[in-house]
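# Architecture at a glance
Each chain is listed here by its residues.
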Amino acid sequence: QVQLVESGGGLVQAGGSLRLSCAASGRSFSAYAMGWFRQVPGKEREFVAAMSLSGGSTYYADSVKGRFTISRDNAKSTAYLQMNSLKPEDTAVYFCAARIDFYSSTYYTTALQYDMWGQGTQVTVSS
């Protein structure tokens, strides 16, 4: 049974930075393709970033390219989302997601492609 737990959210002023962490309880973290999504009330879950199980392939939503970086540390069974130059429109609940995969260079950009989710962490960016 895989469990994902996000942490690192909080309140930050525009232009600031936060690093979100997603710790996985499973013993096969290296076999997980990972993704980050965000959601605000009244809107559907929005794709933010994704990476293949090897970490070699990444993809970002246009709205965060150049500002956010997804990474992973297999030794710690943890994925990260480094967020720089934060904007008020980045305010949302951020979720990490995982999918057991067999392809080292494949990433996934839609929520329905993932079957393991964390409970979310709130990020609030003030102007």
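First things first, this report covers the structure right here in the doc. Since we're looking at a predicted model, the values are computed, not measured. (Residues numbered from 1 in each chain as written. Predicted model: local features only at pLDDT ≥ 70, side-chain atom pairs only at ≥ 80, totals over all residues. Heavy atoms only, no water.)

### Here's the deal with the environment of Ser104
Stated formally: Going along the chain from the N terminus, every DSSP run of H or I of four or more residues is numbered as a helix, and every run of E of two or more is numbered as a strand. Each residue's exposure class comes from its accessible area (1.4 Å probe, protein chains only) as a fraction of the maximum for that residue type: buried when under 20%, exposed when over 50%, partly exposed otherwise.
Locating Ser104 in the fold gives a position in the loop between strand S9 (92-100) and strand S10 (116-117). Ser104 sits in the partly exposed class, given a relative accessible area of 44%.

### Things to note about the sheet that holds strand S8 (residues 78-83)
For the record, the criterion: For two strands to be treated as a pair, DSSP must find no fewer than two bridges joining them. A fitted line through C-alpha atoms serves as each axis, taken over the contacting stretch for helices, and the angle formed by two N-to-C directions is quoted from 0 to 180°.
Reading across from one edge, S1-S3-S8-S7 is the order of the four strands in this open sheet, with antiparallel pairing throughout. Looking at the sheet topology across the chains shown, the edges are occupied by strand S1 (4-7) and strand S7 (68-73). Pairs of neighbouring strands in the sheet enclose a mean axial angle of 15 degrees, with direction left out of account.

### Let's talk about the nonpolar core
Test applied: Residues grouped as a nonpolar core are buried Ala, Val, Leu, Ile, Met, Phe, Trp, Tyr and Cys residues, joined through side-chain atoms within 4.5 Å. Contacts between residues were defined by any pair of non-hydrogen atoms, one from each residue, lying within 4.5 Å.
Within the largest apolar cluster, 36 residues are counted, with the highest numbers of intra-cluster contacts made by Met34, Trp36, Val48, Phe68, Leu81, Met83 and Tyr94. Elements with a contribution of two residues or more to this core: strand S3 (18-24), strand S4 (32-39), strand S5 (46-51), S7, S8, S9 and strand S11 (121-126). Apart from the residues within four sequence positions on either side, Met83 is in contact with Gly16, Ser17, Leu18, Leu20, Arg67, Phe68, Tyr94 and Val123.

### Comments concerning the environment of Gln113
We apply this condition: Polar contacts here mean pairs of N or O atoms no more than 3.5 Å apart (in protein, one a potential hydrogen donor and the other a potential acceptor; neighbouring residues in sequence count only if both atoms are side-chain atoms).
Turning to its location among the elements, Gln113 is positioned in the loop between S9 and S10. Exposure remark for Gln113: the relative accessible area of 26% places this residue in the partly exposed category. Between the C-alpha atoms of Gln113 and Ala97, which are 16 residues apart in sequence, the distance is 9.4 Å. Setting aside residues up to four positions removed in sequence, Gln113 forms contacts with Arg99 and Tyr108. Reaching out from Gln113, the side chain makes a polar contact with the backbone nitrogen of Thr109 at a distance of 3.2 Å. A distance of 2.8 Å separates polar atoms of two side chains, one belonging to Gln113 and the other to Thr110.

What is shown is where atoms sit, not what they do.
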